[in-house]
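# Notes for the structure review
These are the residues of each chain, in order.
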Amino acid sequence: MQKADEKSIRRYLSQNAQSIKIETVDIIDSTNDEMKRRAASGEKEISLLIAERQTKGRGTRGRSFHSPEGTGIYMSFLLRPDYTPSECTFLTTMTAVCTAEAIEKVTGRKTNIKWVNDIYIENRKVSGILTQSHFSSDLKRVEWSVVGIGVNITEPEGGFPKEIENIAGTVGNTVPDTKNRIIAEIINGVCHYYPRLREKTFRKGYSDRLLWRDGKIKVAQGDKSYEATLVDIDEDFRLKVKLTDGSEAVLESADISV
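Residues numbered from 1 in each chain as written. Predicted model: local features only at pLDDT ≥ 70, side-chain atom pairs only at ≥ 80, totals over all residues. Heavy atoms only, no water.

### A look at the packing of aromatic side chains
Put simply, the rule is: In summary, the pairing rule links any two rings of Phe, Tyr or Trp, Trp by its six-membered ring, whose centres are within 6.5 Å, and it sorts them by plane angle into stacked for under 30 degrees, edge-to-face for over 60 and tilted for everything else. Secondary structure elements are defined from DSSP: runs of H or I of at least 4 residues count as helices, runs of E of at least 2 residues count as strands, and each element is numbered from the N terminus. Any residue under 20% of the maximum accessible area for its type is buried, any over 50% is exposed, and the rest in between are partly exposed; the area is computed with a 1.4 Å probe on protein chains only.
Per the counting criterion, the structure on display carries six aromatic pairs. Ring geometry for tyrosine 83 versus tyrosine 194: centroids 6.2 Å apart, planes at 75 degrees, classification edge-to-face. Of the two residues, tyrosine 83 sits in the loop between strand S3 (72-79) and helix H3 (90-107) while tyrosine 194 sits in the loop between helix H4 (178-193) and helix H5 (203-208), which places them 111 residues apart along the sequence. On the accessibility criterion, tyrosine 83 (10% relative accessible area) is buried. A relative accessible area of 6% places tyrosine 194 in the buried class. Note on tyrosine 120 and tryptophan 212: the rings are 6.4 Å apart at their centroids and 70 degrees apart in plane angle, and the pair reads as edge-to-face. Here tryptophan 212 lies in the loop between H5 and strand S8 (216-221) and tyrosine 120 lies in strand S5 (residues 118-121), a separation of 92 residues in the sequence.

Here is the structure:
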């Protein structure tokens, strides 16, 4: 598969996305970790780092993200949002919509979003998002946010690792320049939605793609787990569920599965 290439990516960018800083590297420990280091050193937004391979790719809750060379997109945005810490929780859901829209536009395949940060195609996870932010000492201001995105384009040689082989999928290298086109469309989406994050204009796109809507799910919160029916998201992207006794609950954080 073709490498990520800045010149190729810029061919597909909208006019308002052309000012973004883009850097590509062959190998790195983690694009998120590197962008956090750069944020601490004063690098400005919006900058994007793309790696062909990560040796310590990261997912949510400390999980690793399989990042072999030549099969996927591994990249991180550095943002310095003029938003409150609570508003910055929408960066993950915004990026999920940007990624879903990009995959659909380039490949024509329908996507779903598993609350809160995973993209699925045909019940297989093809993309994950990890947002990490640093706050001021009084916790009233966001100093920077790093948003990492991983997308499986093709299956690695020999297949996915055993621990994820039953859940991982790919978007498919089905059109010319798939990788650079998806990267560019994600950038276009971020540059469109990010300046107006408070408006949450991406909420409908998120809700419409919500995985397992109206279906039975298992909810895990710490050492507690229970069954529920997934209803929708609320205005702040919290998950609305119906419990087995008929009452409704709103979840701010949890692991869900079927």
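### Description of helix H2 (residues 31-40)
Which entries qualify depends on this criterion: Contacts between residues were defined by any pair of non-hydrogen atoms, one from each residue, lying within 4.5 Å. Polar contact is the term for a pair of N or O atoms within 3.5 Å; when the atoms are in protein, one must be able to donate a hydrogen and the other to accept it, and sequence-neighboring residues count only if both atoms are side-chain atoms.
Most of H2 is tucked away: seven of the ten residues are buried. Three or more residues of H2 are buried, namely Thr31, Asn32, Asp33, Glu34, Met35, Arg38 and Ala39. Buried residues along H2 sit against strand S1 (21-28), strand S2 (47-54), S3, strand S6 (124-135) and strand S7 (142-152). Sitting at the amino-terminal end of H2 is serine 30, which places a side-chain oxygen 3.3 Å from the backbone nitrogen of asparagine 32. Two residues or fewer past H2, glycine 42 is found with a positive phi of approximately 100 degrees.

### A word on the nonpolar core
Threshold: Nonpolar cores are built from buried Ala, Val, Leu, Ile, Met, Phe, Trp, Tyr and Cys residues. Side-chain atoms within 4.5 Å join them into one set.
One finds Phe77, Ile187 and Leu239 to be the most contacted residues of the largest nonpolar core, which totals 65 residues. The greatest single-element share of this core, amounting to ten residues, is contributed by H3. For phenylalanine 77, the contacting residues outside a window of four places in its chain are Ile20, Met35, Ile46, Ser47, Leu48, Ser145, Val146, Val147, Ile149, Ile186, Ile187 and Val190. The next biggest cluster of nonpolar side chains, apart from the first, holds eight residues, and it includes Ile28, Leu49, Leu78 and Val146.

### Comments concerning the side chain of glutamine 132
Mapped onto the fold, glutamine 132 is located in strand S6. What makes glutamine 132 buried here is its relative accessible area of 16%.

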